[in-house]
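What follows is the residue order along each chain.
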Amino acid sequence: MKIKELISKQQWEYFLLTCSEKTFLQSWNWGQFQISMNKKIWRFGFFENNNLVGVALVIKMTARRGSFLLVPHGPVVPLKHEILKAFILKTLHDALLDLAKKESADFIRISPIWE
């Protein structure tokens, strides 16, 4: 599984159309809103054999208790496939550990909406 930052609104939104478990908190426009509030964001895509199989919007938050990386209601995966979800979470976790070090984040919060 590979992860890379996505820069295409069309690719992001088209992928979300294929997913039943999603909320506006993973939409392209929510990311744009966060940018307008002076927050840093990253839009990650997860690829298996060059096919996009998941996405995750990551927001750097600042609070009294410190800064942290937040993945609200994500990552988003189109299938109810537990093994794929596990691989995506592992890949995201590893990427966020590196990003947290670079961004001096105190912790990471991932809050998927999976059943």
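Predicted model, so just to flag it, every value in this text is computed and none were measured.

Undergrad: Explain the packing of aromatic side chains to me, using residue names and the numbers behind them.
TA: Enumeration according to the criterion identifies four aromatic pairs in this entry. Residues Phe68 and Phe107 carry aromatic rings whose centres are separated by 4.7 Å and whose planes lie at 5 degrees to one another, so their mutual orientation is stacked. Highlighted residues: Phe68 in strand 4 (residues 66-72) and Phe107 in strand 5 (residues 107-111), separated in sequence by 39 residues. On the basis of relative accessibility, which here comes to 6%, the residue Phe68 falls in the buried class. For Phe107, a relative accessible area of 29% translates into the label partly exposed. Among the aromatic residues, those joined into a ring-pair cluster are Phe24, Trp30 and Phe33. For the cation-ring pair, Lys4 lies above Phe47, with the distance from its terminal atom to the ring centre recorded as 4.9 Å.

Undergrad: Tell me about the side chain of Arg43, residues and numbers included.
TA: Mapped onto the secondary structure, Arg43 falls in strand 2 (residues 41-48). Although buried, Arg43 forms no salt bridge, and the nearest oppositely charged side chain, Glu5, lies 7.0 Å from it. Here the side chain of Arg43 touches Gln32 through a polar contact of 2.9 Å, side chain to side chain. Apart from residues lying up to four places away in sequence, Arg43 is in contact with Lys4, Glu5, Leu6, Trp12, Trp28, Gly31, Gln32, Ala56 and Leu57.

Undergrad: Summarise the environment of Phe46; cite the residues concerned and give the values.
TA: Among the secondary structure elements, Phe46 is positioned in strand 2. A relative accessible area of 0% means that Phe46 is categorised as buried. For the pair Phe46 and Phe33, spaced 13 residues apart in sequence, the C-alpha separation works out to 23 Å.

Reading the values: rules and limits
Residues numbered from 1 in each chain as written. Predicted model: local features only at pLDDT ≥ 70, side-chain atom pairs only at ≥ 80, totals over all residues. Heavy atoms only, no water. Phe/Tyr/Trp six-rings, centres within 6.5 Å; stacked < 30°, edge-to-face > 60°. Helix = DSSP H or I, 4+ residues; strand = E, 2+ residues; numbered from the N terminus. Buried < 20%, exposed > 50% of the residue type's maximum accessible area, 1.4 Å probe, protein only. Lys NZ or Arg CZ within 6 Å of the ring centre and 35° of its normal. Lys, Arg positive; Asp, Glu negative; His and termini not counted. Salt bridge = Lys/Arg side-chain N within 4 Å of Asp/Glu carboxyl O. Polar contact = N/O pair within 3.5 Å; in protein donor to acceptor, adjacent residues only side chain to side chain. Contact = heavy atoms within 4.5 Å.

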